Amino acid sequence: MEILKPLQKNIYKTQTFQSKNLSKELSIELNCCGTKEYTKVSFPVKYGIFSRIETCDYIFEFNLNHEICHAKSKKRTWLHPSEWLKRTMGDDWVYYSTGGYSGVFEALGEYYLPNLTYPTNSLLGGKPFEESGIDDIVKNWHQIISQLPDTGMPDEFSRWIQSIRQQSPERLQKKAQQLFDISGSRVTVMPPDARHVDYNIIPLNISDGCLYKCRFCKVKNEKNFSIRSKQDIDNQIIELKQWLDKDVINFNALFLGEHDALNAPCDLIITTIQDAFDAFEFQSSYMKENFLFMFGSVDSFLNTEKTFFDSLNCLPFQTFINIGLESYDQATLDLLGKPLTQNQVGQAFEKVQTINDTFPNIEITCNFVMDESLPDSHYKGLMTLIRASVNRTKPKGCIYLSPLKFGCPSRQVLYDFYKLKSQSRFPTFLYMIQRL
Ligand code: SF4
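On a predicted model such as this, the values are computed, not experimentally measured, just so you know.

Colleague: Just checking my understanding: could you explain the packing of aromatic side chains for this structure?
Modeller: In this description, a pair of aromatic rings is defined by centroid distance and the angle of the planes. Tallied over the entire structure, the rule returns 21 aromatic pairs. Taken together, the ring pairs in this structure connect Phe-277, Phe-280, Phe-282 and Phe-317 into an aromatic cluster. Across the ring face of Trp-243, the terminal group of Lys-175 is positioned such that the distance to the ring centre comes to 4.4 Å.

Below, the structure written as structure tokens:
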């Protein structure tokens, strides 16, 4: 592999500038040191090293490549002072709302609700992108920063303003496309556990496609399951490091794609994790700890030997593997077009408990579907697993309940979710499908 240059974490020095012109209030903070550890709190927290510009009307934040990453308005039209917009690596705007703080944490395990611009299966939230204050920023942020003065300030600040202006919406969109081109596809669904790092994951594909092509699934692709060559993975790592550029220092989480990375050979998985750890220099990340996410299927999980989990547990990562079980009821599995037996799902659930009880650095999480149209036997089966199968509350092994329908928030389904959650002996949350 090509030798990659080491990161220089300590070159970032915080510098501030405050305009003395009261009619044009402007303050700039270069290289702000945000929080180093992902945390779950009910007030806005910014992670990593970034720069911020504040005017009398707006606050904009930029990553170390001068690309806009957060924005909010100080105007009256802004919905809530603790809410903000985030621009993702895939160039989507996401509006983080408190949801009035009522029920968001119970439902998602996080204090903020990501509101998306594309259809998803979320049961919560309104339509914030239809609000004028939010729409104004999404459409006009570049024009706003283009009109800011870049003279009458020390050189480093005026150079910085010129750099952020160069990262226009068109350039950022092209850059997102370059990210999708590195692996050959966009991440159409992130594992639910990626919430633990606010979805700031480096996507590296070691495989494509999935085994089952379930009829109900809205995120699958046409590709038959296949494994990437070592050379292909090495190339992706090099290109991803170039793509992340200076901002790589803000990352500490890896997502091994695509829909069933666990079905790749164990050696390839372990070698890839080690190579990625070295290449992205996770040991020098600004962010504390390292996280690894991937999806697995019932077959790949049942076929995985204990020795693999032994190796994974010894790596310097907190690993989350998310398995789509969908239902512990044969009639529902058949209805969903999921080519599995109830017995296989039961065996997988049992093995999930053994792995979670044995390995402190690994958490296997499970998905089940929810919908008003599903038979009662689906919910009976679910209760057998998430309540009756254990006799005490478990601290890990999250159960994610995934509404089947997109763009169709339903009070009844939300009510059913809270009922299931209250009876579950596992941490139980909604799975809101998000792309990268
Ligand atoms: S649920 Fe998983 S296995 Fe089934 S089609 Fe979707 S991605 Fe493939």
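Colleague: Hey, could you run me through the environment of Glu-239 in this one?
Modeller: Mapped onto the elements, Glu-239 comes out in helix H5 (residues 230-244). Look at Glu-239 and you get partly exposed, because its relative accessible area is 36%. In this structure the C-alpha to C-alpha distance between Glu-239 and Lys-288, which are 49 residues apart in sequence, comes to 24 Å.

Colleague: Where do I start with the nonpolar core in this structure?
Modeller: Buried together is how nonpolar side chains tend to be arranged in soluble globular proteins. Grouped together as the largest cluster of nonpolar side chains are 116 residues, with contacts concentrated most on Leu-256 and Phe-280. The leading source of residues in this core is helix H6 (residues 266-279), at seven residues. Viewed by domain, this core spans two of them, domain 1 (9-169) and domain 2 (171-430), each represented by three or more residues. Beyond its immediate chain neighbours, meaning those up to four positions away, Leu-256 contacts Leu-204, Ile-206, Ala-261, Ile-269, Thr-272, Ile-273, Leu-292, Phe-293, Met-294 and Phe-295. Within the second largest apolar cluster, 27 residues are counted, among which are Phe-62, Leu-85, Leu-148 and Met-153.

Colleague: Just checking my understanding: could you explain the pattern of salt bridges for this structure?
Modeller: Once their charged atoms are close, side chains differing in charge can pair, the charge on each being opposite to the other. Following the criterion strictly, the structure yields 27 salt bridges and no others. Put simply, Asp-234 and Lys-230 hold a salt bridge, and the shortest N to O gap is 2.9 Å. Of this pair, Asp-234 and Lys-230 both sit in helix H5, four residues apart, which is roughly one turn of that helix. Linking Lys-405 and Asp-371 is a salt bridge whose minimum nitrogen-to-oxygen distance equals 3.2 Å. On the criterion of sequence distance, the pair formed by Lys-405 in the loop between strand E16 (399-403) and helix H12 (411-423) and Asp-371 in the loop between strand E15 (362-370) and helix H11 (376-388) is long-range, its members being 34 residues apart. On the basis of relative accessibility, which here comes to 6%, the residue Asp-371 falls in the buried class. Overlapping salt bridges bring together Asp-208, Lys-223, Arg-228, Asp-232 and Glu-258 as one network.

Colleague: Even after reading the chapter, I still don't get the packing of H6 against helix H8 (residues 306-314), so can you show me in this structure?
Modeller: Helix packing geometry: the angle between the two helix axes and the distance between the axes. It is at 11 Å that the axes of H6 and H8 come closest, and there the two elements cross at 5 degrees. Classified by the interaxial angle, the pair formed by H6 and H8 is roughly parallel. In this structure, H6 uses Cys-266, Ile-269, Ile-270 and Ile-273 to contact H8, whose residues at the interface are Phe-308, Ser-311 and Leu-312.

About the thresholds
Here the residue index of a chain counts from 1 through its sequence in written order. Under the rules for a predicted model, residues below a pLDDT of 70 receive no local features and side-chain atom pairs below 80 are neither given nor counted, while totals for whole chains, interfaces and linings still include all residues. Derived side-chain values reflect all non-hydrogen atoms in the structure, with water molecules and hydrogen atoms excluded from consideration. Ring pairs shown here join Phe, Tyr and Trp side chains whose ring centres sit within 6.5 Å, with only the six-membered ring taken for Trp; geometry is labelled stacked below 30 degrees between planes, edge-to-face above 60, and tilted in between. Charges are assigned to positions over rings by a cutoff of 6 Å between ring centre and Lys NZ or Arg CZ, combined with an angular limit of 35 degrees from the ring normal. Secondary structure is summarised from DSSP: a helix means a run of H or I of at least four residues, a strand means a run of E of at least two, and numbering begins at the N terminus for each. Residue burial is assigned from relative accessible area. The probe radius is 1.4 Å, only protein chains are included, and a residue is buried under 20% of its type maximum, exposed over 50%, and partly exposed in between. In this text, buried Ala, Val, Leu, Ile, Met, Phe, Trp, Tyr and Cys residues form a nonpolar core when linked through side-chain atoms within 4.5 Å. All the domain ranges listed were derived from an automatic or database domain assignment. Any pair of residues with heavy atoms lying within 4.5 Å of one another is described as a contacting pair. Think of a salt bridge as a Lys or Arg side-chain nitrogen and an Asp or Glu carboxyl oxygen that are within 4 Å of each other. To obtain an axis, a line is fitted to C-alpha atoms, over the contacting stretch when the element is a helix, and the angle between two such axes runs from 0 to 180 degrees between their N-to-C directions. Here the word oblique covers every angle except those under 35 degrees (roughly parallel), over 145 (roughly antiparallel) and from 65 to 115 (roughly perpendicular).

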